[in-house]
4 protein chains.
Amino acid sequence: MSTSSFLSQLLRRVIPPIDSDRSAERKARSAVELCHALLSARGEVSGAALARETLGAYEALPQNGFKPFVDLLCTDFSPEPARITTAFDAYREDPSPAHLIALQNAVEPPRQELFRRINMAPGGTAALVDLRRRLVEEIDAHAHWISVDADLRHLFESWFNRGFLRLERIDWHTPAIVLEKLIAYEAVHEITGWNDLHRRLAGDRRCFGFFHPALPDEPLIFIEVALTDHISESIQPLLDPDAPEFDPAHANHAIFYSITNCQNGLRGISFGNLLIKQVAHELSLEFPRIQNFATLSPIPGFIEWLKSMEGEIAAAPATEETMSLLRHIHNPAWAADHDLRARLQPLLLSLCAYYLTDAKEGGDPVDPVARFHLGNGARIAQLNYMADTSRRGLLRSAGLMVNYQYRLADVESNHQAYALEHRVIASHTVRKLARESPLSHTTNNVERD
Amino acid sequence: MSTSSFLSQLLRRVIPPIDSDRSAERKARSAVELCHALLSARGEVSGAALARETLGAYEALPQNGFKPFVDLLCTDFSPEPARITTAFDAYREDPSPAHLIALQNAVEPPRQELFRRINMAPGGTAALVDLRRRLVEEIDAHAHWISVDADLRHLFESWFNRGFLRLERIDWHTPAIVLEKLIAYEAVHEITGWNDLHRRLAGDRRCFGFFHPALPDEPLIFIEVALTDHISESIQPLLDPDAPEFDPAHANHAIFYSITNCQNGLRGISFGNLLIKQVAHELSLEFPRIQNFATLSPIPGFIEWLKSMEGEIAAAPATEETMSLLRHIHNPAWAADHDLRARLQPLLLSLCAYYLTDAKEGGDPVDPVARFHLGNGARIAQLNYMADTSRRGLLRSAGLMVNYQYRLADVESNHQAYALEHRVIASHTVRKLARESPLSHTTNNVERD
Amino acid sequence: MSTSSFLSQLLRRVIPPIDSDRSAERKARSAVELCHALLSARGEVSGAALARETLGAYEALPQNGFKPFVDLLCTDFSPEPARITTAFDAYREDPSPAHLIALQNAVEPPRQELFRRINMAPGGTAALVDLRRRLVEEIDAHAHWISVDADLRHLFESWFNRGFLRLERIDWHTPAIVLEKLIAYEAVHEITGWNDLHRRLAGDRRCFGFFHPALPDEPLIFIEVALTDHISESIQPLLDPDAPEFDPAHANHAIFYSITNCQNGLRGISFGNLLIKQVAHELSLEFPRIQNFATLSPIPGFIEWLKSMEGEIAAAPATEETMSLLRHIHNPAWAADHDLRARLQPLLLSLCAYYLTDAKEGGDPVDPVARFHLGNGARIAQLNYMADTSRRGLLRSAGLMVNYQYRLADVESNHQAYALEHRVIASHTVRKLARESPLSHTTNNVERD
Amino acid sequence: MSTSSFLSQLLRRVIPPIDSDRSAERKARSAVELCHALLSARGEVSGAALARETLGAYEALPQNGFKPFVDLLCTDFSPEPARITTAFDAYREDPSPAHLIALQNAVEPPRQELFRRINMAPGGTAALVDLRRRLVEEIDAHAHWISVDADLRHLFESWFNRGFLRLERIDWHTPAIVLEKLIAYEAVHEITGWNDLHRRLAGDRRCFGFFHPALPDEPLIFIEVALTDHISESIQPLLDPDAPEFDPAHANHAIFYSITNCQNGLRGISFGNLLIKQVAHELSLEFPRIQNFATLSPIPGFIEWLKSMEGEIAAAPATEETMSLLRHIHNPAWAADHDLRARLQPLLLSLCAYYLTDAKEGGDPVDPVARFHLGNGARIAQLNYMADTSRRGLLRSAGLMVNYQYRLADVESNHQAYALEHRVIASHTVRKLARESPLSHTTNNVERD
């Protein structure tokens, strides 16, 4: 398979060798000593050279050197409690700007300056993003690492500010070193190889990503768009490598069918909402005829939620037939049975509409994708039956998908309604479907638009 | 003059109109209201658009709107003392990572997030750097502005990290929009116009600058280098637009004759030491024969110091002749008198050598340029008489200049000696000169190298 | 003056040293020997290296080595008459494709292959263009050089095909090495320095040039455009470095006020007509509101023609007053006399209208600028009085200028009418003016549009 | 397979639809009418637009419209015999430069100007190169097309002059649109997909190509190089996608293992010799330790020649055993038989050495690859047994491969010896092998170096 060498490289990077624990700890300690030097006066003059050396020592750590290394980052580079207390006492006495600044300095961990200095080495930014990736992967087992995580996150929020990112079109003219990342990272609808990728970058598609100048070969996030003359109701035609090309000059719809955050090391630093709007803007410049911007999105939590609601559905004024019908969906084979498909359609559509618009958790929709797009100011436009008949699609959402629509003129007011009043904006059709669900006796606060 | 339109643009930018104080304050208040909106939930979804609007309101402020605007930044976006106290109390009770992070969050002014969001607007970075430029210009009259200054400086130290800067060669292929900045910014030896500039970018010269991706047309700092076959002992030949070109293939010396920090808004964020070393590295790749890297530097504090020492010189075992000779130097005309020049030479050289190596303030040399280069690990190599015979050169340093030498192999140990033990590294010749000065009875701690 | 160093460079290039004639001839002969080697088998394998050496020898020739060098190019690298005759005889016998190809090969001078091989050296293209520049400058004294000229021209027509040229916008982001060429080359309205240039590249102007990939720092031709809200009737405001900037968002006119062919070595290879149309196209993309594309052009031959027509004007039914009025225009001072200006206005306008529309030479207008624009499909739209009050403008055209208008829809039919039927397309107003001239008794074939 | 979509695109381009012959001819005639218009006066003013239209008509031709189109190019755009005769008569009368130029103009087919004008359309250059590709494919069946072929070749020799080509490194940072061409074009050792390609572009390899500015996505020729610490004796390790990477810092050999001309439309316009030398130069700059530049080349004509020589070998003083041994090689299975391999080794090596050094055709070696490299000034350094054990390698050359060595200091003299005296330069070892062959009674003129 054509991506194997990249993946094997990836694996090699991810899985460094393993030493004896003692040797690993000793190496971690040596790397940390370089960190101390880098923070000292010597680091000021020999900054770049010493940063390079420190980075080299870190990257040469055996796999089991990572834990002792991060542990030492926790213990050795945290702020001194005594200094904090002194600074706070002075501030409480006299809350002047100078005392506040002194307090801020006292609470800032030396780690932050350490990371800023490591960043001077070539490849420093990439290494720090990778450090956080590994850290968050294992943080559950090492609760005290949150202080290191907080420092990195604080830096990254500063460094990866939208003002420093470049929106770039990705197509067949893009270097292979970037394209192979798409294949490796695509999280929503797997890219099976270069042929598949080539189709997704053809003339009736657009792909855009955000890039940071210090990581020129690494998309931070990318989005895949299909240019069509109708709202896409099913994902299969969009993923078919042999689908005929549509002439984009006739396009009036742009369908966002996949959006992937690439860097786990940047978790929590969101670019997605900015990307969608900027891409919509770019597309409307290139294709003035395109007026409809919508996603074709998965509904990842539907089936799980449905299971959790079995009791309430049973308690609802639903016939026994409803219950027995619903039992079929746990076996994906139902989708091949035409009769079952027809009988389940109204039931699944109404329950899913209810799920998206009324199933809440702390005021917000249960479904994570719904939260993302509604929070961005989109509206729920249309539910699609048999839209993703892959095994995964059937298991997660009974094959249903949804179009979230971005009407540029309404985005801000939709967002306000959602953010301040938890209002979910949905089309008339979707609201009507929700009302027909067996659970619709509950009050809903969906807004008709 | 060819730069007038640029300068008039500059003036236009620097001097916005003036409103009535009331109107100016009202406009400042409106701009700050947009800042509040930008920090609110609305700012999250409409980030870039709102940032653009906020920036526009700030940039449209009349000249006298700046003060009320910054005052409001101080009052409205500082952290809440009560929240700080609560967070500190929790931390004192239990100094856990989580409590420390909460305390860090409590002391961080919302201004920092405000500035990060403004940075999302096109031109945001440039506007924030310019904001700090104006702020530091007037900070002496507004002591409480130090909190805003501290926030901007904290952000800039993160954003303008060496890891994000690009070293770029500047030559006649560089866009005019960058070149005109050299003319405007050059602080050491004024560039009188495009013709002068062209000579400084000719084949026997090199010019390099650091650039940040968000400010592509703005050098942050630049350095001018002459490639020669000897150590330069006088600045005039280097500044002469009609000087014949030297064939760089025969060069074995690189003379750094001017280094200029361009952005007052980045004051305190130093790039200079990194630049010199990296440029030396680049030059040694392009010209393997070049082994000598030295500056030809001004001695800006010499005459002033000399005046302040008059009493001590008189007290020293100096003849009356010495004192009467020295009196001549306050009138630049002395430099045209061959006899005077000859008689003053040994005296001025020895006093200047003493000044550079022994005149200290808090352990470090009085002379700011000496502090900079010695702090970088350079050594004082040679003093040059009649090296800068411009009026300014005569008034500041009696026409003397100095070569600081960068021996790449010694830079780190020199720096260590200087940073840890305040040792000033100087050549044998310079040390000998210093010992011959009328003031040399004092102990000195100059290290022979 | 800021361009002096460039000009002195230019002079240095143009005026190489002078040797004794004997030495110069010997050096020319050596250079030609390298040319022979380059054409031999050895040239095939060592192509690039030998081409470099040959070029070096040519460029090192003393000034008086040029003539013997070109003379040897004529004698040594022309086709052999005997071979031509043989090839022709075979072709006459049997005009087959093979015999025709053989004849073509026989008549092609080996010089062409020589020039193609020289072109392999770095800088080869530039050197060959410069060779032709010098050659055409002196060709009148060396009629036999037309064979070398024909070969170079044949090659350049192939190499500088429009398909290989890039249209590039020139502005303040353009490298200084290109901008200084604008100052040096501008032929229509001198650019007095960098400040003047900066104004011509400001926000309400556009400048475009054609570039060839092998001459990246050399515009082949460039055009200067002003974006306005009216048709420009006078050149002075466009050339004033201190003129206020117009907001291009409100522009509905694009005025082409200067077009300059830069390379005398490419004489006869026209790009101008292509450039105007492509620039009009680019501007209509950037500024959809711009509907009017017109020049503000000089009328270089008007006064000269007027002098030549004095007899006919006297013979025409013109009053004596006419004749005495006209006598004033040979002294530019008339333009300062308000009364004279008013009295001359109708007379000059009508005569100039007649000149542009009716004064022909071999069927085409006498005025070279008129021939260029009419041949491109433009129409004569408007005559402007007191439009160029510079001394040169008054002496060449009594201060008159003309707007040629490019209506994109009519360009092709206008051109056809002009090319096939010699019809001059002019506006109603201009035709009316022409009819009022003292000479208008002659028939005219101006077409009203 | 990952390249299928590219190949299907290719096929789509190569196989346009088929019309009825009458319709195809009518369309060809229409396209040719546009060609006439393009050459007329109208073409001068509307050049680019009309060129675009003409190109569009040509590209829309059905598959069977190609022949009538080219036939019309032959008949309609050839020079007029009468005009040639008149021009020749004038020239014979007076062979002046002017008459020669007139004769040159008379014999130049209007087709050349037609092609130059078509080249003004976007994509024109690519279309003309493709036109010649199709033309040479079918020229054997249409002998009169040689006149069109000669015109295109004449233009291409001018346009694709080395001085206009850019040498570019090709690696994993190269756009996919270029990389897929490598997969499609590689002629020597097939690239099986993106994974294979990735290995060939890894850190211990280099790949370079020549590009023309008008065909930025199309390599004209490319060469693949392996950096090693020994001379490669076998191709398999170089083609193995899973071969471990060698650290190029330790390389002292550069092995050119594949060189591919990509454009059949540029047949006869050679870049290969220039490419090898320039790549050797680039590599010696990047890796000063690399002193050995050699190919690992196929010997495509060996077995075929061997068959043709059977009679002579039998006649030579060879034992019957020789003959019976040789019979085995026509079945590739022999290579798996250890005993056979050992017994055939001396025989095959000596015969192949003889083949490369002594088997001549018109004075030059029979083997086309040998002709290419010897003509470039390389020497035959070493023969390798079992060097290409692929089926194709066994069938063409009994698994043998050869290293041609490029000693930069000797390249020119080697070439001279070869070009002028047909001398084949080979190492002592190879000459010795040749002398041991059963055929070595013939005189040989191999030069020892």
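Scroll up for the structure.
Residues numbered from 1 in each chain as written. Chains lettered and ligands numbered in written order. Predicted model: local features only at pLDDT ≥ 70, side-chain atom pairs only at ≥ 80, totals over all residues. Heavy atoms only, no water.

*Asks:* Please explain the overall build of chain A as it appears in this structure.
*Replies:* Each helix and strand counted, chain A has 22 helices and 11 strands in total. Here the C-alpha coordinates of chain A stretch approximately 75 × 55 × 50 Å along the principal axes. Expressed as a percentage of its 449 residues, the buried residues of chain A come to 57%. When contacts within chain A are restricted to residue pairs at least 6 apart in sequence, long-range pairs at least 24 apart make up 73% of them. Looking at chain A as shown, the accessible area adds up to about 18500 Å², and 52% of this sits on carbon and sulfur atoms. Looking at chain A, you have 45 positive and 58 negative side-chain charges, and the mean spots of the two groups are 1 Å apart. (Helix = DSSP H or I, 4+ residues; strand = E, 2+ residues; numbered from the N terminus. Buried < 20%, exposed > 50% of the residue type's maximum accessible area, 1.4 Å probe, protein only. Contact = heavy atoms within 4.5 Å. Areas by Shrake-Rupley, 256 points an atom, 1.4 Å probe, with all protein chains shown as cover. Lys, Arg positive; Asp, Glu negative; His and termini not counted. Charge placed at Lys NZ, Arg CZ, Asp CG, Glu CD.)

*Asks:* Explain the arrangement of the chains to me, please; I cannot follow it from the model alone.
*Replies:* There is a clear gap between chain A and chain C: no contact, and 12 Å between their nearest C-alpha atoms. Without any contact between them, chain B and chain D keep their closest C-alpha atoms 12 Å apart.

*Asks:* Explain the interface of chain D and chain C here, please?
*Replies:* Accessible area lost upon the coming together of the parts is a frequently used measure of interface size. Counting residues at the interface gives 53 residues for chain D, matched by 53 residues for chain C. Roughly 4200 Å² is buried in total at the junction of chain D and chain C, and carbon and sulfur atoms are behind 64% of that figure. Joining chain D to chain C, the criterion identifies 0 salt bridges. Inspection of the chain D/chain C interface yields 10 residue pairs in polar contact (both at pLDDT 80 or more). Residue assignment for the side of chain D that touches chain C shows that the elements contributing at least two residues are α3 (41–45), α6 (81–93), α7 (97–107), α10 (146–159), α14 (272–286) and α21 (411–421) of chain D. (Buried area = accessible area lost by both parts, 1.4 Å probe. Salt bridge = Lys/Arg side-chain N within 4 Å of Asp/Glu carboxyl O. Polar contact = N/O pair within 3.5 Å; in protein donor to acceptor, adjacent residues only side chain to side chain.)

*Asks:* Even after reading the chapter, I still don't get the nonpolar core, so can you show me in this structure?
*Replies:* What tends to happen in soluble globular proteins is that the nonpolar side chains get buried as a cluster. If you look at the biggest cluster of nonpolar residues, it comprises 220 residues, and the most contacted ones within it are F302 and W334 of chain A together with F302, W334 and L348 of chain B. Among all residues touching F302 of chain A, those that are not within four sequence positions of it are L348, L351, C352, Y355, D367, R396, S397, A398 and L400 of chain A. (Core = buried A, V, L, I, M, F, W, Y, C linked by side-chain atoms within 4.5 Å.)

*Asks:* Looking at this structure, how should I read unusual backbone geometry?
*Replies:* Most peptide bonds adopt trans geometry, and most residues besides glycine take a negative phi value. Of note in the backbone geometry, H422 of chain B takes a positive phi value of approximately 55° without being a glycine. Locating H422 of chain B in the fold gives a position in the loop between α21 (411–421) and β10 (424–426). Although it is not a glycine, A398 of chain C sits at a positive phi angle of roughly 55°. Within the secondary structure layout, A398 of chain C lies in the loop between α20 (391–397) and β9 (401–406).

*Asks:* Hey, could you run me through the environment of Q263 of chain B in this one?
*Replies:* Residues and elements named next belong to chain B. The residue Q263 is located in the loop between β4 (253–261) and α14 (272–286) in this model. For Q263 and I221, which are 42 residues apart along the polypeptide, the C-alpha to C-alpha distance reads 7.7 Å. Excluding its chain neighbours within four sequence positions, the residues that come into contact with Q263 are V129, Y185, E218, P219 and L220. A polar atom in the side chain of Q263 sits 3.1 Å from the backbone oxygen of P219.

*Asks:* Where do I start with the relation of the copies chain A and chain B in this structure?
*Replies:* Superposing chain A onto chain B requires a rotation of 180° together with a translation of 0.1 Å along the rotation axis, leaving an RMSD of 0.1 Å. The transformation just described matches what one would write down for a two-fold rotation axis. Taking the C-alpha atom as reference, chain A places W159 of chain A closest to the rotation axis, 3.0 Å from it. Most of the interface of chain A is mirrored in chain B, where 100% of its interface residues again form contacts. (Least-squares fit on C-alpha atoms with pLDDT ≥ 70 in both.)

*Asks:* Help me out: how do you make sense of the packing of aromatic side chains in this one?
*Replies:* Given two aromatic rings, their pairing is described by the distance between the two centres and the angle made by the two planes. Here the structure, examined in full by the defined rule, presents 55 aromatic pairs over all chains. Measuring from ring centre to ring centre gives 6.4 Å for F88 of chain A and Y91 of chain A, while their planes differ by 50°; the resulting arrangement is tilted. Here the residue F88 of chain A and the residue Y91 of chain A both occupy positions in helix α6 (residues 81–93), the gap between them amounting to 3 residues, near one helical turn. With 6.3 Å between their ring centres and 25° between their planes, F302 of chain D and W305 of chain D make a pair best called stacked. Of this pair, F302 of chain D and W305 of chain D both sit in helix α15 (residues 302–308), 3 residues apart, which is roughly one turn of the helix. As far as burial versus exposure is concerned, F302 of chain D and W305 of chain D are alike and both buried. Taken together, the aromatic side chains of F88 and Y91 of chain A together with F88 and Y91 of chain B make up a single cluster linked through ring pairs. (Phe/Tyr/Trp six-rings, centres within 6.5 Å; stacked < 30°, edge-to-face > 60°.)

*Asks:* Is there a simple way to explain the packing of helix α2 (residues 21–39) of chain A against helix α8 (residues 110–118) of chain A in this structure?
*Replies:* How two helices pack is summed up by the angle between their axes together with the distance between the axes. Residues and elements named next belong to chain A. In contact at an axis separation of 10 Å, α2 and α8 are set at 90° when each is read in the N-to-C sense. Accordingly, the angle class assigned to the pair α2 and α8 is roughly perpendicular. Two secondary-structure elements touch here, α2 through C35, L38 and L39 and α8 through P110, E113, L114, R117 and I118. Across the contact of α2 with α8, the residue classes tally to 6 nonpolar, no polar and 2 charged. (Axes fitted to C-alpha atoms, helices over the stretch in contact; angles between N-to-C directions. Parallel < 35°, antiparallel > 145°, perpendicular 65-115°, else oblique. Nonpolar A, V, L, I, M, F, W, Y, C, P; charged D, E, K, R; others polar.)

*Asks:* For this particular structure, what's the right way to read the pattern of salt bridges?
*Replies:* Residues and elements named next belong to chain A. Counting across every chain of the model gives 100 salt bridges over all chains. Linking D204 and R199 is a salt bridge whose minimum nitrogen-to-oxygen distance equals 3.0 Å. Under the relative-accessibility criterion, D204 is labelled buried at 5%. In this structure R199 comes out as buried when scored by relative accessible area, which is 6%.

*Asks:* For this particular structure, what's the right way to read the pairing of strand β9 (residues 401–406) of chain B?
*Replies:* Within a regular beta strand, the side chains point alternately toward one face of the sheet and then the other, so they alternate between its two faces. Counting buried positions along β9 of chain B gives 6 out of 6 residues, so the element sits mostly inside the fold. Alternating positions in β9 of chain B separate into two faces, M401, N403 and Q405 of chain B on one and V402, Y404 and Y406 of chain B on the other, with burial throughout.

*Asks:* Explanation requested: the pairing of strand β8 (residues 379–384) of chain B in the structure shown.
*Replies:* Residue and element names in this part refer to chain B. In terms of burial, β8 is largely enclosed, as 5 of its 6 residues are buried. Bridge analysis of β8 against β9 gives 5 bridges, and the strand direction is antiparallel. Counted as the bridge partner of N384 is M401 from β9. (Pairing = 2+ DSSP bridges.)

*Asks:* In this structure, what is going on with the side chain of R205 of chain D? I would like to understand it.
*Replies:* Structurally, the position occupied by R205 of chain D is in strand β2 (residues 205–211). Of the polar contacts made by the side chain of R205 of chain D, one reaches the side chain of Y257 of chain D; its length is 2.9 Å.

*Asks:* When you look at the relation of the copies chain D and chain C in this model, what are you seeing that I'm missing?
*Replies:* Relating one copy of the chain to the other requires a rotation about an axis plus a shift along that axis. Mapping chain D onto chain C leaves a residual RMSD of 0.1 Å; the transformation is a rotation of 180° accompanied by 0.0 Å of translation along its axis. Comparing contact sets, 100% of the residues at the interface of chain D also lie at the interface in chain C, consistent with an isologous, same-surface contact.

*Asks:* Help me understand the interface of chain A and chain B, please; the structure alone is not making it clear to me.
*Replies:* The interface of chain A with chain B comprises 52 residues on the first partner and 53 residues on the second. In this assembly, chain A packs against chain B so that about 4200 Å² is buried in total across both faces, 64% of it on carbon and sulfur atoms. On inspection of chain A and its partner chain B, the count reaches 0 salt bridges. Scanning the region where chain A abuts chain B turns up 10 residue pairs in polar contact (both at pLDDT 80 or more). Counting residues per element, the ones that place at least two in the side of chain A that touches chain B are α3 (41–45), α6, α7 (97–107), α10 (146–159), α14 (272–286) and α21 (411–421) of chain A. Of all the elements, α10 of chain A adds the most residues to the side of chain A that touches chain B, at 8 residues. Residue composition of the side of chain A that touches chain B, grouped by class: 25 nonpolar, 17 polar and 10 charged.

*Asks:* Whenever I open this one, the environment of L201 of chain D confuses me. Can you help?
*Replies:* Residue and element names in this part refer to chain D. Position of L201 relative to the elements: it lies in the loop between α12 (194–200) and β2. As for L201 and H173, which are separated by 28 residues in sequence, their C-alpha atoms are 9.7 Å apart. Here L201 is in contact with I170, D171, W172, L179 and C207, once residues within four sequence places are set aside.

*Asks:* Is there a simple way to think about the packing of helix α18 (residues 338–358) of chain A against helix α22 (residues 428–435) of chain A in this case?
*Replies:* Residue and element names in this part refer to chain A. Packing of α18 against α22 brings their axes to within 7 Å, and their N-to-C directions diverge by 110°. Taken together, α18 and α22 sit at an angle that is classed as roughly perpendicular. Touching L349, S350, A353, Y354, T357 and D358 of α18 are V430, L433 and A434, all from α22. Its residues assigned to classes, the contact of α18 with α22 comprises 6 nonpolar, 2 polar and 1 charged.

*Asks:* Could you clarify how one ought to interpret the environment of P300 of chain B in this entry?
*Replies:* All names here are of chain B. Position of P300 among the secondary structure elements: in the loop between β5 (292–295) and α15 (302–308). Residues P300 and L400, 100 residues apart in the sequence, show an inter-C-alpha distance of 9.6 Å. Setting aside anything within four residues of it in sequence, one finds P300 in contact with D367, P368, V369 and R396.

*Asks:* Help me understand helix α9 (residues 124–138) of chain D, please; the structure alone is not making it clear to me.
*Replies:* Helical geometry: 3.6 residues make up each α-helical turn, so side chains three or four residues apart lie on a common side. Residue and element names in this part refer to chain D. Relative to the 21 Å expected for 15 residues at 1.5 Å per residue, α9 spans 21 Å between its end C-alpha atoms, a close match to the ideal helical length. Within α9, 11 of the 15 residues are buried, leaving the element largely enclosed by the surrounding structure. All buried positions along α9 are accounted for by G124, T125, A127, L128, V129, L131, R132, R133, R134, L135 and V136. (Expected span 1.5 Å × (residues − 1).)

*Asks:* Looking at this structure, how should I read α8 of chain A?
*Replies:* Here α8 of chain A lies mainly inside the structure; 7 of its 9 residues are buried. Within α8 of chain A, burial applies to R111, Q112, L114, F115, R116, R117 and I118 of chain A.

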